[in-house]
Amino acid sequence: MRRKIVAGNWKMNGSQLLVQQLMPEIVSELAALDNGVGIVIIPPALYVADVLKSTGPGLEVGVQNIAGWDSGAYTGEISASMVKDSGCGYALVGHSERRQLFGETDQQIAEKVQQAVCSGVTAILCVGETLEQREAGTAEHVVAAQLRASLAGLCEDQWSYVVVAYEPVWAIGTGKTATADDAQAMHAAIRQELKALGASADKLSVLYGGSVKADNAAALFAQPDIDGGLIGGASLRADEFMSICRAIPGKG
Ligand code: PGA
């Protein structure tokens, strides 16, 4: 049974006030949901402690980035073991904004994945193609290469600390979403690649991200290989975010 997950990536947004406004509503609405969705809130690191104080059953907390090293003289960095120690279970790794704006390489991303899985933190590994790559017909090839570069060599029990998020770069924050069929096709290809890398791919959650909103979530989440979403902008409003969580199909 794959975990159904909706993760809210606040990016560099939010405040203590937002935590106070958002979290009680999310916790109480989640308690009323019976579709088995697990929520992961991913605020800026400074607000992790505040969010952790207001979690409830079915709700976990993550960070947006981790270091590729375990400890030492790396000013400004946060290690996976610190993330675990602080009570977080998840870390985004290789988000396209990290790849594009901060020049993160596949090699660095692979090191971060290693740090996460060895510390018992679930890495949400983000992969996705640019518009040029999609138009050139190389999207599946690009995504498969990102998966191979970041996940090769994981051992059996480390795979349980991996979630993949497919986020086409052209869909992030743009209001454009992949069609449910295109997203499903890519998710099926991702699952094939994960199998080739040695994962029990049927147990691994693969999330879709990129302009997911209340009005397109149900069509995406109805696809057999889409196990939930990684939500940016729409995770900053409790009503919109919880509508997306409600769009996860029931267990039956
Ligand atoms: P968006 O962001 O939902 O605002 O497009 C998704 C993400 O970057 O994770």
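Predicted model only: the values in this text are computed from it and were never measured. (Residues numbered from 1 in each chain as written. Predicted model: local features only at pLDDT ≥ 70, side-chain atom pairs only at ≥ 80, totals over all residues. Heavy atoms only, no water.)

K.L.:
Teacher, can you tell me more about the site of the ligand here?
P.N.:
Lining the immediate surroundings of the ligand are 13 residues, of which Lys11, His95, Glu167, Gly173 and Ser211 lie closest. In this structure, an oxygen atom belonging to the ligand sits 2.7 Å away from a side-chain N or O atom of lysine 11. Residue serine 211 places a main-chain N or O atom 2.7 Å away from an oxygen atom belonging to the ligand. For the ligand, whose accessible area on its own is 280 Å², the fraction buried by protein is 96%. Partitioning the shell around the ligand into residue classes produces 4 nonpolar, 7 polar and 2 charged. (Near = heavy atom within 4 Å. Polar contact = N/O pair within 3.5 Å; in protein donor to acceptor, adjacent residues only side chain to side chain. Areas by Shrake-Rupley, 256 points an atom, 1.4 Å probe, with all protein chains shown as cover. Nonpolar A, V, L, I, M, F, W, Y, C, P; charged D, E, K, R; others polar.)

K.L.:
Would you explain the pairing of strand E4 (residues 90-93) in this entry?
P.N.:
Consecutive side chains of a regular strand alternate in pointing toward one face of the sheet and then the other. Residue alternation in E4 divides its side chains into two sets, Tyr90 and Leu92 and Ala91 and Val93, and both sets are buried. Bridge count between strand E3 (residues 59-63) and E4: 2 bridges; the pairing is parallel. Across the sheet, the residue bridging to valine 63 is alanine 91, located in E4. Handedness of the crossover joining E3 and E4 through helix H3 (residues 80-85) is recorded here as right-handed. In this structure, E4 lies alongside strand E5 (residues 122-127), joined through 4 bridges in parallel fashion. Looking across to E5, one finds that valine 93 is bridged to leucine 125. (Buried < 20%, exposed > 50% of the residue type's maximum accessible area, 1.4 Å probe, protein only. Helix = DSSP H or I, 4+ residues; strand = E, 2+ residues; numbered from the N terminus. Pairing = 2+ DSSP bridges. Right-handed = clockwise from strand over helix to strand, strands pointing away.)

K.L.:
Looking at this structure, how should I read the environment of aspartate 202?
P.N.:
Inspection of the secondary structure puts aspartate 202 in the loop between helix H8 (180-196) and strand E7 (206-209). Contacts of aspartate 202, omitting those with residues within four sequence positions, involve Arg2, Arg191 and Lys195. (Contact = heavy atoms within 4.5 Å.)

K.L.:
Honestly, unusual backbone geometry in this entry has me stumped. Any pointers?
P.N.:
What is expected of a backbone is that most residues other than glycine have negative phi and most peptide bonds are trans. A positive phi is found at lysine 11, a non-glycine position, where the angle reads about 55°. Positive phi is not limited to glycine here, since serine 211 has a value of about 55°. Along the chain, serine 211 falls in the loop between E7 and helix H9 (214-221). The exposure class of serine 211 is buried, given its relative accessible area of 9%.

K.L.:
It is not clear to me how the nonpolar core should be interpreted in this structure. Could you clarify?
P.N.:
Considering soluble globular proteins, one finds that nonpolar side chains tend to be buried as a cluster. Ile26, Leu147, Leu151, Val164, Ile190, Leu194 and Phe221 are the most contacted members of the largest nonpolar core, which totals 67 residues. Each residue touching leucine 151, except ones within four places of it in the same chain, is listed here: Val113, Leu125, Trp159, Val162, Val164, Leu194 and Leu197. Counting residues in each nonpolar core, the second largest holds 12 residues, with Val40, Tyr90, Ile124 and Val163 among its members. (Core = buried A, V, L, I, M, F, W, Y, C linked by side-chain atoms within 4.5 Å.)

K.L.:
I keep staring at helix H7 (residues 139-151) and nothing clicks. Help me out?
P.N.:
Residues spaced three or four apart along an α-helix point in a common direction, a consequence of the helix completing one turn every 3.6 residues. Compared with the 18 Å implied by 1.5 Å per residue over 13 residues, the 18 Å span of H7 between its first and last C-alpha is a close match. By the burial criterion, the buried members of H7 are Ala139, Val142, Val143, Ala144, Gln146, Leu147, Ser150 and Leu151. Looking at the buried residues of H7, the elements they touch are helix H4 (96-101), helix H5 (106-119), E5, helix H6 (131-135), strand E6 (162-166) and H8. Glycine 153 lies just past H7 and shows a positive phi near 90°. (Expected span 1.5 Å × (residues − 1).)

K.L.:
Help me understand the layout of surface pockets, please; the structure alone is not making it clear to me.
P.N.:
With a probe scaled to a water molecule rolled over the atoms, the places where space remains empty come into view. Taken as a whole, the largest pocket holds about 530 Å³ of empty space. Every residue lining the largest pocket is counted, 20 residues in all, and those nearest its centre are Met12, Gln64, Asn65, Arg98 and Phe102. At 3 residues, the largest contribution of residues to the lining of the largest pocket is made by H4. Grouping the constituent residues of the lining of the largest pocket by class yields 11 nonpolar, 5 polar and 4 charged. (1 Å grid on protein atoms, 1.4 Å probe; cavity = no way out; pocket = protein on both sides within 12 Å on 5 of 7 lines; lining within 4 Å. Points joined across faces, edges and corners; volume = space filled by probe spheres on them.)

K.L.:
Sorry, what's going on with the packing of H5 against H7 here?
P.N.:
For any two helices packed against each other, the geometry comes down to the angle between their axes and how far apart the axes lie. Where H5 contacts H7, the axes come no closer than 7 Å and their chain directions differ by 50°. With respect to H7, the element H5 is oriented oblique. Both H5 and H7 take part in a crossing whose hand is right-handed. Residues Asp106, Ile109, Ala110 and Val113 of H5 lie in contact with H7, whose contacting residues are Gln146, Ala149, Ser150 and Leu151. Of the residues assigned to the contact of H5 with H7, the class counts are 5 nonpolar, 2 polar and 1 charged. (Axes fitted to C-alpha atoms, helices over the stretch in contact; angles between N-to-C directions. Parallel < 35°, antiparallel > 145°, perpendicular 65-115°, else oblique. Left-handed = near helix turned anticlockwise from the far one by under 90°.)

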